[in-house]
Amino acid sequence: MSSDYSYDEQGQFYPFFIFTLSTIVTLPLTYSLLSPSKDPEALAPRIRTEYKPEHGDLIQAQAKAHRRKQRKVKRAIAAFLGWAIMAGMLYLIVTTQRTTAKLWNPYDILGVPESSTEKQIKSHYKRLGLRFHPDKIRPDPAKNETIESLNDQWVELTKAYQALTDEEVRNNWIQFGHPDGKQGFSIGIALPKFIVSDGNGKYVVLVYAALLGVLLPYLVGSWWYGTQRMTKEGVQVESANSLFREYNDATDEGDLITALSSGVEFRSFLKGDKAESGLSKIESRILAKGEVTPYAGGMLDKDKDKLEDLESGVRRKVLALLWAYLGRVELDDPALNSAKYLVAPVAQSLCRSFTAIALAYGNTAPLLASYYISQRLIQAIPPKASPLFQLPHFTPDVVKAVEGDSKIHMSVQQFMDLPDAERKKLVIGKGLLNDEQYKTVLGVSQQLPYFEVSKAFFKVTGEKYIIPQSLVSFVVKGRFVPPGSTNVPAVDEIDLEDVDPAEDDLDAMLGRKKTVKDASGKIVTEDIKPVSPPITFAPQYARDHSPKWHVFLSDSKQGRMAVPPFTFTTFDKPIFTPEGKPTYHMQTLKAQFAAPPQAGNYTFVMHLVCDSYVGFDTKMEVTLSVEEASKAAQMAAEDEISEPDEDTIAGQMSALKGGPVAKRKEVADEDGSDDESGTEEEESDTSATNTDTEDES
């Protein structure tokens, strides 16, 4: 027995092979391109306004270019080529004529029916011998016959005759399907024979060498070194190292802007002649006298000194462009204005990297500085400048008209809380706003997602008291109340409760569902459908940005972080109606951490910081009360002592003395009792909390 390798000379098998390989690659690639995006910026609603800032077309062009880059054009081209190959192979599969292997059948070869007797077969074979025996027949050139072909034909007839008359040959045919017994097998290769025919072998070797020796190592190496070169925050390791060296415990907002200019990412669009061109012009503009700040760029004297201490080069130009962007300084040069808007998104990504460094050190001041610079980079507002610059059409003249000579800036909420007549008197006039611009200001303000904290407290799920090292939940209840909102409904006390899930409700315990009280006070579970806030209103920022809220606890005495930040990007209830009106639904933010190892009262400062809007932050004191485990058990046991029923003598005497009594229990079905059990305990299982809030500045 031997084996034989055969190639697909008719081209009927290799299209299936190539079609299958293309399908394995192309279908997942196509799905990744066509599947709905999970990017918050692509799914979130947008603030409704027609406002366009100066250079709005330039900003939008940069935003569109970034979105095109995010679409992964290379992947789309690869998918297109894959479908083209699949279509070509499918065409070959449909149009190529099939050749089927014919089974060896002695009856068909001899041309006799299978019902023939041995006598009839012998007689028919003799007649065939008179016609096809090599001694009786001559080759016919007209039929392309040769002596070899005639001999082969006679051998085939003889084998067929023997298979039907000779016992041994017949057994071979029955067992192995061939008169000669067991045959060798053939291995088919689904490649055209011309690929490996004489003279083409060297090209096949070259292709294999290119694929396995060049392309594959290049792709793997590029992926590996790319991952090693970038941090998980998406910045280059070299930039992260520079930020690490710039860090110190007293870093403020101005210091951080200087540190961000050290990122190597800026070199991608400030190469060659662009590295220093126009630097003197930028510096002259940002160092000019400002209308509401000492310098037009919004910097302080120490920031000016740091800029001038840098040597000329990419970093100095980047720092000058950052101050020009933050101060909204007009550079009167298309290339410089374009670069001014390009540096902000890069600085924002570097700012996230600095946040990670600040978290590792645990100091509050640098961490807050990174959050505040994030706000100001997105809104294009210098440090210490008025939050009113976030509003459309607000120029330095308008801000000065509103704030006057006050050294304390007015927040957007404070401005919108003014009576309408007073607001108009302040901002409408010559050199200020007109009526149409004022309407735009109101329209945008009333869509901004300001999170107003209603209550913040600590609890342990399923327990009434917090003991050392237990898993504590820090719960923040609040509503989105846009600045200038009117007819805001009062807070429902039921909404301020955090109801524990039932012990047998696995979905609620794992966070797949939430447990709440309905209007009648009955405990129910609801599906969690994450709701994204509107895309940040940031007309100067050349990116779509979904706002995030960071909640962390700090020790104000030591100036250090006590509980790391928890970041919230979605919420459990709609924020606005489809018409853009606020819903005022009570939202729940929840974070878990381990309680301190010793009992006592711990006072923290809660920081709730929005990374996208200036002045939309909240700072408040919260107190965590941790009880000794033995004392908590004793208090829980005392709470379980039942009060006398009101329809008993002891109950009536207790009522006359003004003591507590238990209401007469009504007969209820078993399911109803289960639904309502445990709700009374949840009313007082929270630590004391000071809910007086103040805006962070």
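Keep in mind the model is a prediction, meaning the values are calculated, not measured.

*Asks:* Please explain the overall build of the chain as it appears in this structure.
*Replies:* Scanning the chain from terminus to terminus reveals 24 helices and 11 strands. Per-residue burial over the chain gives 40% buried out of 697 residues. Considering only contacts in the chain between residues 6 or more positions apart, those separated by 24 or more positions represent 68%. For the chain, the accessible area works out to roughly 39900 Å², and carbon and sulfur atoms hold 54% of it.

*Asks:* Just checking my understanding: could you explain the environment of serine 532 for this structure?
*Replies:* Checked against the element boundaries, serine 532 lands in the loop between strand S6 (523–527) and strand S7 (549–555). Once the C-alpha coordinates of serine 532 and serine 546 are considered, the two residues, 14 residues apart in sequence, prove to be 8.1 Å apart. Once residues within four sequence positions are removed from consideration, serine 532 is found in contact with Ala44, Pro45, Thr569, Thr570 and Ile575.

*Asks:* Explanation requested: the packing of aromatic side chains in the structure shown.
*Replies:* For any two aromatic rings, the description comes down to two numbers: the centre-to-centre distance and the angle of the planes. Taken as a whole and assessed by the stated rule, the structure comprises 19 aromatic pairs. Geometrically, the ring pair formed by phenylalanine 451 and phenylalanine 480 is edge-to-face, given 5.2 Å between the ring centres and 75° between the ring planes. Placement of phenylalanine 451 in strand S3 (residues 451–459) and of phenylalanine 480 in strand S4 (residues 471–480) is noted, with a sequence separation of 29 residues between them. Members of the aromatic cluster, connected to one another through ring pairs, are Phe244, Tyr247, Phe354 and Tyr361.

*Asks:* What is the right way to read the sheet that holds strand S10 (residues 600–610) from this model?
*Replies:* One key point about sheets: their strands pair by backbone hydrogen bonds, in either a parallel or an antiparallel sense. If you trace the four strands from one edge of the open sheet to the other, you get S8-S7-S10-S11, paired in antiparallel fashion. Two strands in the sheet have a free side with no partner beyond their single neighbour: strand S8 (560–568) and strand S11 (618–626). Going across the sheet, the axis of each strand differs from the next one's by a mean of 25°, ignoring polarity. In this sheet, S10 lies alongside S7 in antiparallel orientation, the contact comprising six bridges. Residue pairing across strands places histidine 550 opposite valine 609, the latter belonging to S10. Across the sheet, helix H16 (residues 364–379) is in contact with S7, S8 and S10; its angle to S10 comes to roughly 25°.

*Asks:* What am I meant to see in the confidence of the model for the chain here?
*Replies:* Note: predicted coordinates in regions of low pLDDT should not be interpreted at a detailed level. Mean pLDDT over the chain stands at 82; residues scoring 70 or higher make up 81%. Scored below 50 in pLDDT, residues 665–685 makes 14 contacts in the model with residues more than four places away or belonging to other chains.

*Asks:* Explanation requested: the pattern of salt bridges in the structure shown.
*Replies:* When the charged atoms of two side chains lie near each other, side chains of opposite charge can form a pair. For the coordinates displayed, the defined rule picks out 16 salt bridges. The closest approach of N and O atoms between lysine 302 and aspartate 252, which form a salt bridge, is 3.1 Å. Remark: aspartate 252 occurs in the loop between helix H10 (237–246) and helix H11 (253–260) and lysine 302 occurs in helix H13 (residues 301–309); sequence separation between them is 50 residues. A salt bridge links aspartate 332 to arginine 285; the nearest nitrogen and oxygen atoms lie 3.0 Å apart. A residue pair is termed long-range when its members are at least 10 positions apart, and aspartate 332 in the loop between helix H14 (314–326) and helix H15 (334–361) and arginine 285 in helix H12 (residues 279–286) qualify at 47 residues.

*Asks:* What is the right way to read H11 from this model?
*Replies:* Think of an α-helix as 3.6 residues a turn; residues three or four steps apart then line up on the same face. Where burial is concerned, most of H11 is hidden: eight out of the eight residues are buried. Taken together, the buried positions of H11 are occupied by Glu253, Gly254, Asp255, Leu256, Ile257, Thr258, Ala259 and Leu260. Residues of H11 that are buried make contact with H10, H13, H14, H15 and H16. Measuring from the backbone nitrogen of glycine 254 back to the side-chain oxygen at the start of H11 gives 3.3 Å, which picks out aspartate 252 as the cap.

*Asks:* Please explain the packing of helix H6 (residues 118–132) against helix H7 (residues 147–165) as it appears in this structure.
*Replies:* A packed helix pair is summarised by two numbers, namely the angle formed by the two axes and the spacing between the axes. Running from N to C, H6 and H7 cross one another at 170°; their axes reach a closest spacing of 11 Å. When the axis of H6 is compared with that of H7, the two are roughly antiparallel. Here Glu118, Ile121, Lys122, Tyr125, Leu128, Gly129 and Phe132 of H6 lie close against H7, whose contacting residues are Gln153, Trp154, Leu157, Thr158, Tyr161, Leu164 and Thr165. When grouped by side-chain class, the residues that make up the contact of H6 with H7 number eight nonpolar, four polar and two charged.

*Asks:* What am I meant to see in the nonpolar core here?
*Replies:* Most often, soluble globular proteins have nonpolar side chains that are buried together. In this structure, Phe394, Phe415, Phe458, Phe474 and Met606 are the most contacted members of the largest nonpolar core, which totals 57 residues. Counting residues in each nonpolar core, the second largest holds 56 residues, with Leu256, Trp323, Ala339 and Tyr372 among its members.

*Asks:* How do you make sense of the side chain of lysine 317 when you look at a structure like this?
*Replies:* With respect to the secondary-structure elements, lysine 317 resides in helix H14. There is no salt bridge for the buried lysine 317, and the closest opposite charge comes from aspartate 333, which lies 8.2 Å off by N-O distance. A polar contact of 2.6 Å, which involves the side chain of lysine 317, links it to the backbone oxygen of lysine 274. Setting aside chain neighbours within four positions, we find lysine 317 in contact with Leu270, Lys274, Ala275, Glu276, Ser277, Leu279, Ile282 and Leu336.

*Asks:* Would you mind showing me how to read helix H4 (residues 73–95) here?
*Replies:* End to end, H4 covers 33 Å across 23 residues, agreeing with the expected 33 Å (1.5 Å per residue, within 8%). Ala79, Gly82, Met86, Met89 and Ile93 are the residues of H4 that are buried.

*Asks:* Sorry if this is basic, but what is going on with the environment of leucine 388 here?
*Replies:* Within the secondary structure, leucine 388 sits in the loop between H16 and helix H17 (396–403). Sequence spacing of leucine 388 and valine 398 is 10 residues, and the spatial spacing of their C-alpha atoms is 9.1 Å. Contacts of leucine 388, omitting those with residues within four sequence positions, involve Phe394, Val399, Val402, Glu403, Met410, Ser411, Val412 and Phe415.

*Asks:* I keep staring at the environment of threonine 364 and nothing clicks. Help me out?
*Replies:* Considering the arrangement of structural elements, one finds threonine 364 in helix H16. For the pair formed by threonine 364 and leucine 553, sequence separation is 189 residues and the distance between their alpha carbons is 9.5 Å. Apart from residues no more than four positions distant in its own chain, threonine 364 is found in contact with Phe552, Ser554, Gly559, Arg560, Met561 and His607. There is a polar contact of 3.4 Å between the side chain of threonine 364 and the backbone nitrogen of arginine 560.

*Asks:* Got a minute to help me understand the sheet that holds S3 in this structure?
*Replies:* Spatially, S3-S4-S9 is the arrangement adopted by the three strands of the open sheet, whose pairing is antiparallel. Each end of this open sheet is capped by a strand with a single partner; those strands are S3 and strand S9 (586–594). Looking at each pair of strands side by side, their axes are set apart by 20° on average, direction ignored.

*Asks:* Looking at this structure, how should I read unusual backbone geometry?
*Replies:* One non-glycine residue, histidine 55, adopts positive backbone phi at about 65°. By the element assignment, histidine 55 lies in the loop between helix H2 (40–43) and helix H3 (56–70). Residue class for histidine 55 comes out partly exposed when judged on its relative accessible area of 26%. Despite not being glycine, aspartate 332 has its phi angle at roughly 55°, a positive value.

*Asks:* Any chance you could explain the packing of H14 against H16 here in plain terms?
*Replies:* For the pair H14 and H16, interaxial distance at closest approach is 8 Å and the crossing angle is 75°. As judged from the angle between their axes, H14 and H16 are roughly perpendicular. Taken together, the residues of H16 that come into contact with H14 (itself represented by Leu322, Tyr325 and Leu326) are Arg376, Leu377 and Ile378. For the contact of H14 with H16, a count of residues per class yields five nonpolar, no polar and one charged.

What counts and what doesn't
Residues numbered from 1 in each chain as written. Predicted model: local features only at pLDDT ≥ 70, side-chain atom pairs only at ≥ 80, totals over all residues. Heavy atoms only, no water. Helix = DSSP H or I, 4+ residues; strand = E, 2+ residues; numbered from the N terminus. Buried < 20%, exposed > 50% of the residue type's maximum accessible area, 1.4 Å probe, protein only. Contact = heavy atoms within 4.5 Å. Areas by Shrake-Rupley, 256 points an atom, 1.4 Å probe, with all protein chains shown as cover. Phe/Tyr/Trp six-rings, centres within 6.5 Å; stacked < 30°, edge-to-face > 60°. Pairing = 2+ DSSP bridges. Axes fitted to C-alpha atoms, helices over the stretch in contact; angles between N-to-C directions. pLDDT = per-residue confidence, 0-100. Salt bridge = Lys/Arg side-chain N within 4 Å of Asp/Glu carboxyl O. Polar contact = N/O pair within 3.5 Å; in protein donor to acceptor, adjacent residues only side chain to side chain. Parallel < 35°, antiparallel > 145°, perpendicular 65-115°, else oblique. Nonpolar A, V, L, I, M, F, W, Y, C, P; charged D, E, K, R; others polar. Core = buried A, V, L, I, M, F, W, Y, C linked by side-chain atoms within 4.5 Å. Lys, Arg positive; Asp, Glu negative; His and termini not counted. Expected span 1.5 Å × (residues − 1).

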